[in-house]
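Listed below are the residues making up each chain.
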Amino acid sequence: AKYHDARPGPLAILEPASAYPLISVQAVVVYLDTNMLPKTWRIITAKRSDKVAVKPGYFQFKPAGGFEVYGKESDDEDYLVKQGFSIPTALFREYAEELFDATHLAANEGEGDPNSAVRAEPSVDRLINLIKSGKASIDFLGVVVDLTILRHELSFLIVIEDEDFSKNRLEGSWEGRVNAVP
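The sections below set out a description of the structure shown in this document. In this convention, every chain numbers its residues from 1, walking through the sequence in written order. Whole-chain, interface and lining totals are the exception, using all residues; otherwise, since this is a predicted model, local features are given only for residues with pLDDT of at least 70 and side-chain atom pairs are given and counted only at 80 or more. To obtain the side-chain values, all non-hydrogen atoms of the structure were included, while hydrogens and water were left out.

**So, the overall build of the protein**
- Of regular secondary structure, the protein possesses five helices and seven strands.
- Under the scheme used here, helices are H or I runs from DSSP no shorter than 4 residues and strands are E runs no shorter than 2 residues, and both carry numbers assigned from the N terminus. Starting at the N terminus and walking to the C terminus, you meet the elements of the protein as α-β-β-β-β-α-α-α-α-β-β-β.
- In the protein, which comprises 182 residues, the proportion classed as buried is 45%.
- Nonlocal contacts in the protein, meaning residues at least 24 apart in sequence, comprise 64% of its contacts between residues at least 6 apart. The cut-offs for exposure are 20% and 50% of the maximum accessible area for each residue type, with area from a 1.4 Å probe on protein chains only; residues under the lower value are buried, those over the upper are exposed, and the others partly exposed. Whether two residues touch is decided by their heavy atoms; if any such pair falls within 4.5 Å, the residues are in contact.

In structure tokens:
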């Protein structure tokens, strides 16, 4: 199904019968680019693909995406659903998918703990280790609400001060091509 039944966002308010309100996660990623002299702070942005349901062709901060239970519809164990309903897991999954093209994380096809699948992803594991070592941080900025499309975004700031991070290739994903701007 297309977002809001492929109708303009304002109709979600005026005619909400087929509106699909969404909660999402979004982060502004700022990192120290050591490939430049002098070292330069960069922000990751992306131009959205023409294939996405919401705002194709627009620019946005990446990662960003819907906050949903990371599990399977067949998961009927309460503990699996509760583990899959995790804001950090949603943020880490979007980070891996949209910056490093970890397409295998789009759906949880594995068995057991859904958080382990996301945290085992190499890009996520590196970020978690950077946070533990004090070379990166994640801060909650607040909730952004776009009333025209009934979308609430939990917004975060990810700051990475690791010398090696800028050596990683930011691949983007089918949802959009990423850029790092000073």
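**Comments concerning helix α3 (residues 87-100)**
- Here α3 spans 19 Å end to end across 14 residues, near enough to the 20 Å set by a 1.5 Å rise per residue.
- Following α3 by one or two positions, Asp101 has its phi on the positive side, about 55 degrees. To estimate how far a helix should extend, the number of its residues minus one is multiplied by 1.5 Å.

**Comments concerning the nonpolar core**
- Remark: nonpolar core denotes a set of buried residues (Ala, Val, Leu, Ile, Met, Phe, Trp, Tyr, Cys) joined through side-chain atoms within 4.5 Å. Membership of the largest hydrophobic core comes to 28 residues, with the highest contact counts inside it found for Val25, Tyr95, Leu99, Val124, Leu127, Ile158 and Ile160.
- Sorting the residues of this core by element identifies β1 (22-33), β2 (40-48), α3, α5 (122-132) and β6 (151-160) as the ones contributing at least two each.
- For Leu127, the contacting residues outside a window of four places in its chain are Phe92, Tyr95, Ala136, Ile158 and Ile160.

**Side note on empty space enclosed by the protein**
- Cavity means a closed set of points on a 1 Å grid over the protein atoms alone, one where a 1.4 Å probe fits but cannot get out, pocket means an open set with protein on both sides within 12 Å along at least 5 of 7 lines, and lining means a residue has an atom within 4 Å of a point. Grid points are joined across faces, edges and corners, and a volume is the space filled by probe spheres set on the points. On inspection of all chains with the given rule, the structure shows one cavity of 30 Å³ or more.
- Counting residues per element, the ones that place at least two in the lining of the largest cavity are α3 and α5.
- When residues of the lining of the largest cavity are assigned to their parent elements, the largest contribution, four residues, is made by α5.

**Some words on the pattern of salt bridges**
- Here a salt bridge means any side-chain nitrogen of Lys or Arg lying within 4 Å of a carboxyl oxygen belonging to Asp or Glu. Tallied over the entire structure, the rule returns six salt bridges.
- Close ionic contact of Glu98 with Lys62 constitutes a salt bridge, the shortest N to O distance being 3.3 Å. Here Lys62 lies in the loop between β3 (59-61) and β4 (64-66) and Glu98 lies in helix α3, a separation of 36 residues in the sequence.
- A residue is classified by how much of its surface remains accessible, and Lys62, at 0% relative accessible area, is buried.
- Between Glu97 and Arg93 there is a salt bridge, and its shortest N-O distance comes to 3.2 Å. Note that Glu97 and Arg93 are positioned in helix α3 at a spacing of four residues, about one turn of the helix. For the pair Glu97 and Arg93, one class covers both residues: buried.

**Quick look at unusual backbone geometry**
- With an omega of 0 degrees, the peptide bond between Leu37 and Pro38 qualifies as cis.
- Take Pro38: it is sitting in the loop between β1 and β2.
- Omega for the bond connecting Lys62 with Pro63 falls within 30 degrees of zero, at 5 degrees, which places this linkage in the cis form.
- As for its placement among the helices and strands, Pro63 is situated in the loop between β3 and β4.
- Backbone geometry at Asp101 places phi at a positive 55 degrees, although glycine is not the residue there.
- Here Asp101 is to be found in the loop between α3 and α4 (114-119).
- Taking the relative accessible area as the measure of exposure, Asp101 reaches 32% and is therefore partly exposed.

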